[in-house]
Amino acid sequence: MAISSRPLTPSGFGLELRCSELSKLGKEDLNAVLDDFHEAGGLLLVRNQQQISHRQLVDFVGIFGQVELNEKYNPAFLEPSYPELLRIGNTKQNGEYTALFIKADPPPLMWHTDDSFRHPQPAGSCLFCVHTPPEGAATGFAGMHASYEALPEKTRHDIDEMEAIHSYDYLNELLRIKSPHRPPLSEELKQQIPPIVRPLVAQHPVSKKKGLYLPVCHIMSILGLAEEEARPLLNELQRHMTQPSFTHMHNWQPGDLVIWDNRSALHAPTPFDDDKHKRLMYRLTFGGEQIVGF
Ligand SMILES: [Fe+2]
């Protein structure tokens, strides 16, 4: 089957694969897709996959890593017989949500890599678009490798050995500023998920490339740096990383399938008018080797 691809950003971060039916790809093509995915910094888009079955979706995501079973989520949000498929969105039946609804805040965007404050973190995720609102609900993606490689050598040298403390409690308190009804973390949860030290520049376990491991909204502090120094540095690095050259803002269409690697890409949700419009996505997550050193 004819397949082709194009980069999604000027820096080469992200790849759109043009392929009429993913399920028809043979083993050799799939291996090439996986190599290209890592080479492009861990972001892959395939459009027009409306016909893909749940089984085929799970099998395709399985080439990137072991697909997870969403045990911690409400079973009412999972597709019947496919616990790998978590419904995300604002769909309801009899007044009850049938999908996990996470309301995105308006800008500034919350750039992050999923669960960096836990170990192990999910290696990556897939979102498949079923329904999307006519406006809003775009998802941003930013490439860790391309943005790191474009930094001046002195900056790379200065930050290469830095370590950051990632904290779920820090994130929660940040979210509470905009959503005061959100409860503080319980003492139990704080103990279950204590702050964790991560490198600021992380090496990917497969590509071995270094990148800016920079979910600023999870980073409580940088070891050995005062807050007055650390926060401007983090904000400046994030500003650098989210320039258009390293960033793809994805405007969804039904049938879009996007896979990203949490070890080499940041992402950020954007809001939509959920009183007026319906959104439904399937999300799959997969496990895998952690960033080097974890
Ligand atoms: Fe996320």
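Keep in mind that what you see is a predicted model, and the values were worked out from it rather than measured. (Residues numbered from 1 in each chain as written. Predicted model: local features only at pLDDT ≥ 70, side-chain atom pairs only at ≥ 80, totals over all residues. Heavy atoms only, no water.)

### Observations concerning the overall build of the chain
And step 1. In terms of regular secondary structure, the chain is built from 7 helices and 19 strands.
And step 2. The globule rule puts the C-alpha radius of gyration for 294 residues at 19 Å, and the 19 Å found for the chain is close to it.
And step 3. Dimensions along the principal axes, computed over C-alpha positions, put the chain at roughly 55 × 45 × 35 Å.
And step 4. For the chain, the residues scored as buried account for 51% of the 294 residues in total.
And step 5. When contacts within the chain are restricted to residue pairs at least 6 apart in sequence, long-range pairs at least 24 apart make up 78% of them.
And step 6. Of the roughly 14,000 Å² of accessible surface on the chain, 52% is carried by carbon and sulfur atoms.
And step 7. Across the chain, the mean location of the 28 positive side-chain charges is 3 Å away from that of the 37 negative side-chain charges. (Helix = DSSP H or I, 4+ residues; strand = E, 2+ residues; numbered from the N terminus. Rg over C-alpha atoms; globule rule 2.2 N^0.38 Å. Buried < 20%, exposed > 50% of the residue type's maximum accessible area, 1.4 Å probe, protein only. Contact = heavy atoms within 4.5 Å. Areas by Shrake-Rupley, 256 points an atom, 1.4 Å probe, with all protein chains shown as cover. Lys, Arg positive; Asp, Glu negative; His and termini not counted. Charge placed at Lys NZ, Arg CZ, Asp CG, Glu CD.)

### Describing the coordination of the iron ion
And step 1. For the iron ion, the protein coordination sphere consists of His 112 (NE2), Asp 114 (OD) and His 267 (NE2), at 2.1 to 2.2 Å.
And step 2. Mapping the donors of the iron ion onto the primary sequence gives the spacing H-x1-D-x152-H. With a gap of 155 residues between them, His 112 in the loop between strand E8 (96-97) and strand E9 (124-131) and His 267 in strand E18 (residues 265-269) connect regions that are remote in the sequence. His 267 matches His 112 in its accessibility class, with the two residues each being buried. (Donors = N, O, S within 2.8 Å, 3.2 Å for Na, K, Ca; no water.)

### Here's the deal with the sheet that holds strand E16 (residues 247-250)
Note: strands within a sheet are paired through backbone hydrogen bonds, in either parallel or antiparallel orientation.
And step 1. Across the sheet, which stays open at both edges, the 3 strands sit in the order E16-E10-E18 with antiparallel pairing between neighbours. Edge positions in the sheet fall to E16 and E18, since each of these pairs with one other strand and no more. Averaged over all neighbouring strand pairs, the angle between strand axes comes to 15°, with direction disregarded.
And step 2. Pairing between strand E10 (residues 139-143) and E18: 5 bridges, direction antiparallel. Across the sheet, Phe 141 pairs through a bridge with His 267, a residue of E18. (Pairing = 2+ DSSP bridges. Axes fitted to C-alpha atoms, helices over the stretch in contact; angles between N-to-C directions.)

### Examining the pattern of salt bridges
And step 1. A full pass over the atoms with the stated rule returns 16 salt bridges.
And step 2. Put simply, Glu 173 and Arg 176 hold a salt bridge, and the shortest N to O gap is 3.3 Å. Here the residue Glu 173 and the residue Arg 176 both occupy positions in helix H5 (residues 168-178), the gap between them amounting to 3 residues, near one helical turn.
And step 3. Arg 176 gets classed as partly exposed once you look at its relative accessible area, which sits at 24%.
And step 4. For Glu 187, the salt bridge is made with Lys 190, and the minimal N-O distance between the two is 3.5 Å. (Salt bridge = Lys/Arg side-chain N within 4 Å of Asp/Glu carboxyl O.)

### Structural notes on H5
And step 1. Regarding H5, the residues found buried are Tyr 168, Leu 171, Asn 172 and Leu 175. Looking straight down H5, one finds that the buried residues subtend no more than 100° of arc, so they occupy a single side.
And step 2. Buried residues in H5 make contact with strand E11 (163-166) and helix H6 (187-192).
And step 3. Its side-chain oxygen at 3.2 Å from the backbone nitrogen of Asp 169, Ser 167 defines the N-terminal cap of H5. (Arc of directions from axis to C-beta. Polar contact = N/O pair within 3.5 Å; in protein donor to acceptor, adjacent residues only side chain to side chain.)

### Side note on the sheet that holds E11
And step 1. With antiparallel pairing, the 3 strands of this open sheet are ordered in space as E12-E11-E15. Each end of this open sheet is capped by a strand with a single partner; those strands are strand E12 (196-199) and strand E15 (219-222). The average undirected angle you get between the axes of adjacent strands in this sheet is 35°.

### Topic: the packing of aromatic side chains
And step 1. This structure, assessed with the given rule, holds 8 aromatic pairs.
And step 2. Here the aromatic rings of Phe 37 and Phe 64 are separated by 4.8 Å at their centres, their planes lie at 75°, and the arrangement is edge-to-face. With Phe 37 in helix H1 (residues 27-39) and Phe 64 in the loop between helix H2 (54-61) and strand E4 (66-67), the pair connects residues that are 27 residues apart, well separated along the chain.
And step 3. Classification of Phe 64 by relative accessible area gives buried; the value is 10%.
And step 4. Considering the side-chain rings of Phe 117 and Tyr 168, the 4.6 Å spacing of their centres and the 10° angle between planes classify their relative orientation as stacked. Of this pair, Phe 117 sits in the loop between E8 and E9 while Tyr 168 sits in helix H5, placing them 51 residues apart in sequence.
And step 5. For Tyr 168, a relative accessible area of 17% corresponds to the buried category.
And step 6. By the ring-pair criterion, three or more aromatic residues cluster together here, those being Phe 37, Phe 60, Phe 64 and Phe 286. (Phe/Tyr/Trp six-rings, centres within 6.5 Å; stacked < 30°, edge-to-face > 60°.)

### Details of unusual backbone geometry
And step 1. For the bond from Pro 107 to Pro 108, the omega torsion is 10°, close enough to zero to count as cis.
And step 2. Tracing the backbone shows Pro 108 in the loop between E8 and E9.
And step 3. Non-glycine residue Asn 70 carries a positive phi angle of around 55°.
And step 4. Tracing the backbone through its elements, the reader meets Asn 70 in the loop between E4 and strand E5 (78-79).
And step 5. Owing to a relative accessible area of 7%, Asn 70 belongs among the buried residues under this scheme.
And step 6. Notably, Ala 137 is not glycine yet its phi reads approximately 65°, a positive angle.

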